[in-house]
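What follows is the residue order along each chain.
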Amino acid sequence: MSDKFDVIFIGAGPAGYVGAIRAAQLGLKVACVDAFAGKDGKQALGGTCLNVGCIPSKALLDSSRQFHNLVHSFDVHGISADNPRIDVPTFIGRKDKIVKQFTGGVAALFKANKVTPFFGKGKLLKGNQVEITSPDGAKQVISATNVVLASGSVPIELPFAKFDGKAILDNASALDLAEVPKRLGVIGAGVIGLELGSVWRRLGSEVTILEALPDFLGAADPDIAKVAQREFKKLGLEIKLGAKLGKADVKVGPDKSSVVHLTYADKDGEQSLVVDKLLVAVGRRAYTDGLLAADTGVKLDERGRIVVDEHCHTGVDGVWAIGDAVRGPMLAHKGSEEGVAVAEWIAGKAGHVNFDTIPWVIYTEPEIAWAGKTEKELKDAGIPYKVGSFPFAAIGRAVAMNEAVGQVKMLAHAETDRILGVHMVGPGVSELIAECVVAMEFKGSSEDLARIVHAHPTLSEAVHEAALSVDKRAIHKGN
Ligand code: FAD
Ligand code: NAD
């Protein structure tokens, strides 16, 4: 086989592997280089998302939710079980099986679509050549008309709390604990801190989250964040806002067990906390270590992200970049859509990604989801808007499920009624947001959603009623 390809993707995360499959569908000769090794040391395609991100975290969230409900909320249904226990090796083993199923699934998709995988570290050389260093150190060079950089991201490390995989954890090791830590400290009340903090809290860990900022979930709508904060408190997540970590000292006891002594400052001065494990989840950075030879001409911005234009082009002939390694939200679906768009642009077609309607979902309980603008963004931009909202407490299905918490809030243009943003917290909102994204993509109005028949009794009625409420005509609440 010739080593000249139409496109080489470096990175087989959701940005790179999806782009590679789309490029192959379009008749291009495609290679995909990825260095990720699974627990067995073999290549594990799918990147952060499939190996140590979206999929394993959702597997553990689901198992831990079932356990938590069995212990705390099944009794209202008249269901009881004696002495419920969690077997952590089975809990982690189930997650590992799901990861293997999906990483193997990407390998099968590559085979079916004739994408050639290479296992090793890829480095872009001048002239669209890629040097691959395999895990045994062997090197080879392949070349292509186009190279797409999809090298993803890695967790940010704090200089005074370096990851050791034992006491101070990143996302990967927090998804792989051998037992439930008695006390878990989390630095950062962002998406990972809340999701993985919830997992271990539901299994009985005492979880304390230290967040540097004074506001909880600043990126979310404040009404939504308020409900979520209240519910997380009920779960027993101790969230300390305005808490700035100063020190994290690991102390190893004579029995080789370790604890982490934390020193942090909040509004009341210096505080200390001792935990058995510490998860540091203070954000992620674009990963470009060893990716670019010095003379490629590809530029990085002040945050280390690969600089691209609105078409994900780096400005170097035939070199593109997508996913977490470039600007924009670090979300799997954002990267995948960029991968598809770049494949289509390379094939001479009309690719497209609408950054205005990318949904955000936090898979806690209650779930949090939003798309489009917040009220603050609309106010800052001077855009007139109206608000409709509807609580899940008045939704029959949510009450029947014993999950009647939260609300849907819809923002529509005050004059045109076009939906500008939708913000939700409550049961199943990770799925409900899709309807709103479709409506926004079609430039729909709140009246459009209000006039659409929604099945009864479903959670989607909360979206319907919120749309009616924009025009002060919700049926099942006062307006
Ligand atoms: P990545 O998935 O990071 O993949 C990049 C790949 O490139 C990796 O396999 C890496 O090994 C490889 N690579 C890097 N450099 C090289 C090189 N030089 N040569 C060869 N290979 C290289 N997002 C969501 O949308 N929903 C979620 O629910 C969600 N949950 C998450 C939970 C956790 C715990 C974490 C950490 C992240 C989560 N994310 C979630 C974010 C999501 O995982 C990322 O946005 C997504 O994986 C980015 O995709 P990517 O393809 O750009 O990069
Ligand atoms: P994040 O940006 O979501 O949250 C990091 C939090 O840490 C912020 O609230 C920040 O203020 C805080 N922080 C930063 N430095 C701190 C310090 N020194 N002390 C205390 N707090 C500090 O980052 P993350 O949770 O690490 O997740 C990274 C990214 O991964 C997310 O932004 C998201 O793009 C992606 N992700 C998405 C999902 C999802 O879609 N459900 C799940 C997990 C991760």
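What counts and what doesn't
Counting of residues starts from 1 at the beginning of each chain's written sequence and follows it residue by residue. The lettering of chains begins at A and the numbering of ligands begins at 1, in the order of writing. Given that this is a predicted model, residues contribute local features only at a pLDDT of at least 70 and side-chain atom pairs are listed and counted only at 80 or more, while totals for whole chains, interfaces and linings are drawn from all residues. Processing note: side-chain calculations cover all non-hydrogen atoms of the structure and skip hydrogens and water entirely. Residues enter a nonpolar core if they are buried and are Ala, Val, Leu, Ile, Met, Phe, Trp, Tyr or Cys, with the set joined through side-chain atoms within 4.5 Å. A 1.4 Å probe rolled over the protein chains alone gives each residue an accessible area, and that area as a share of the maximum for its type sets the label: buried under 20%, exposed over 50%, partly exposed in between. Helix and strand definitions follow DSSP, with helices as H or I runs of at least four residues and strands as E runs of at least two, each counted in order from the N terminus. Contacts: residue pairs with any heavy atoms within 4.5 Å of one another. For Phe, Tyr and Trp, rings pair up if their centres lie within 6.5 Å, where Trp contributes its six-membered ring, and each pair is then called stacked (planes under 30 degrees apart), edge-to-face (over 60) or tilted (otherwise). Interaxial angle, 0 to 180 degrees, is taken between N-to-C directions of lines fitted to C-alpha atoms, where a helix line uses only the stretch in contact. Take the far helix as the reference: if the near one is turned anticlockwise from it by less than a right angle, the crossing is left-handed, and if turned clockwise, right-handed. Following the grouping adopted for this structure description, the nonpolar residues are Ala, Val, Leu, Ile, Met, Phe, Trp, Tyr, Cys and Pro, the charged ones are Asp, Glu, Lys and Arg, and the polar ones are all others, Gly among them. The domain boundaries here were taken from an automatic or database domain assignment. Buried area: the sum, over both parts, of the accessible surface (1.4 Å probe) that disappears when the two are put together. For salt bridges, the criterion is a side-chain nitrogen of Lys or Arg within 4 Å of an Asp or Glu carboxyl oxygen. Here a polar contact is recorded for every N or O atom pair within 3.5 Å, except that within protein the pair must consist of a potential hydrogen donor and a potential acceptor, and residues adjacent in sequence are included only if both atoms are side-chain atoms. Any helix carries an expected span of 1.5 Å times its number of residues minus one. Following DSSP output, two strands are said to pair if at least two bridges run between them.

(A) A look at the nonpolar core. One finds F216 and I368 to be the most contacted residues of the largest nonpolar core, which totals 38 residues. Where this core is concerned, the elements lending two or more residues are α3 (54-72), α4 (88-113), β9 (183-187), α6 (191-202), β10 (206-210), α7 (222-235) and β19 (367-372). Looking at which element gives the most residues to this core, the answer is α7, with six residues. Setting aside residues up to four positions removed in sequence, F216 forms contacts with A189, L194, A225, A228, Q229, F232, I239 and L241.

(B) Inspection of the packing of aromatic side chains at higher detail. Counting across every chain of the model gives four aromatic pairs. Pairing F91 with W200 gives two aromatic rings, centres 5.7 Å apart and planes at 80°, and the pair type is edge-to-face. With a gap of 109 residues between them, F91 in helix α4 and W200 in helix α6 connect regions that are remote in the sequence. The same class applies to F91 and to W200, which are both buried.

(C) Examining the packing of α3 against α4 more closely. It is at 9 Å that the axes of α3 and α4 come closest, and there the two elements cross at 145°. The two elements α3 and α4 cross, and the hand of that crossing is right-handed. The residues of α4 that touch α3, namely those facing I55, P56, A59, L60, D62, S63 and S64, are F91, I92, R94, K95, I98 and V99. Its residues assigned to classes, the contact of α3 with α4 comprises eight nonpolar, two polar and three charged.

(D) Structural detail: the environment of H476. Its place among the elements puts H476 in the segment after α13 (461-470). According to the relative accessible area criterion, H476 is exposed, its value standing at 55%. Along the chain, H476 and P391 lie 85 residues apart, while their C-alpha atoms are 9.7 Å from each other. Other than its neighbours up to four places away in sequence, H476 contacts F390, A394 and E465.

(E) Representation of the domain arrangement of the chain within the structure. Domain parsing of the chain yields domain 1 (5-155 + 285-353), domain 2 (168-282) and domain 3 (358-470). The gap between the C-alpha centroids of domain 2 and domain 3 is 30 Å. In total, domain 2 and domain 3 occlude about 1400 Å² of area from one another, counting both sides; carbon and sulfur atoms represent 72% of this. Three residues stand out in domain 2 for area buried against domain 3, namely E195, D221 and I224, and they jointly supply 36% of the buried area on that side. On inspection of domain 2 and its partner domain 3, the count reaches two salt bridges. In this structure, K409 engages D221 in a salt bridge whose closest nitrogen and oxygen atoms are separated by 3.0 Å. Here domain 2 and domain 3 share three residue pairs in polar contact (both at pLDDT 80 or more) between them. Those elements giving two or more residues to the side of domain 2 that touches domain 3 turn out to be α6 and α7. Among the elements that line the side of domain 2 that touches domain 3, the one with the most residues is α7, at six residues.

(F) Region of the structure containing helix α8 (residues 332-346). A rise of 1.5 Å per residue sets the reference length of α8, with its 15 residues, at 21 Å; its end C-alpha atoms lie 21 Å apart and thus fit the reference within 8%. If you check which residues of α8 are buried, you get K334, G335, S336, E338, G339, V340, A341, V342, A343, E344, W345 and I346. Phi turns positive, to about 80°, at G348, one or two residues after α8.

(G) Examining the sheet that holds strand β13 (residues 258-266) more closely. The three strands lie next to each other as β12-β13-β14, forming an open sheet whose pairing is antiparallel. The sheet terminates laterally at β12 (244-252) and β14 (269-275), the two strands that pair on one side only. Adjacent strand axes in the sheet meet at a mean angle of 20°, parallel and antiparallel pairs treated alike. Pairing between β12 and β13: eight bridges, direction antiparallel. Looking across to β13, one finds that K244 is bridged to A265.

(H) Quick look at the pattern of salt bridges. For the coordinates displayed, the defined rule picks out 27 salt bridges. With a shortest N-O distance of 3.7 Å, K162 and E157 are connected by a salt bridge. The shortest N-O distance in the salt bridge between K376 and D380 comes to 2.8 Å. Of the two residues, K376 and D380 are both situated in helix α9 (residues 375-380); the distance of four residues between them amounts to about one turn of the helix. The two residues K376 and D380 agree in class, both being exposed.

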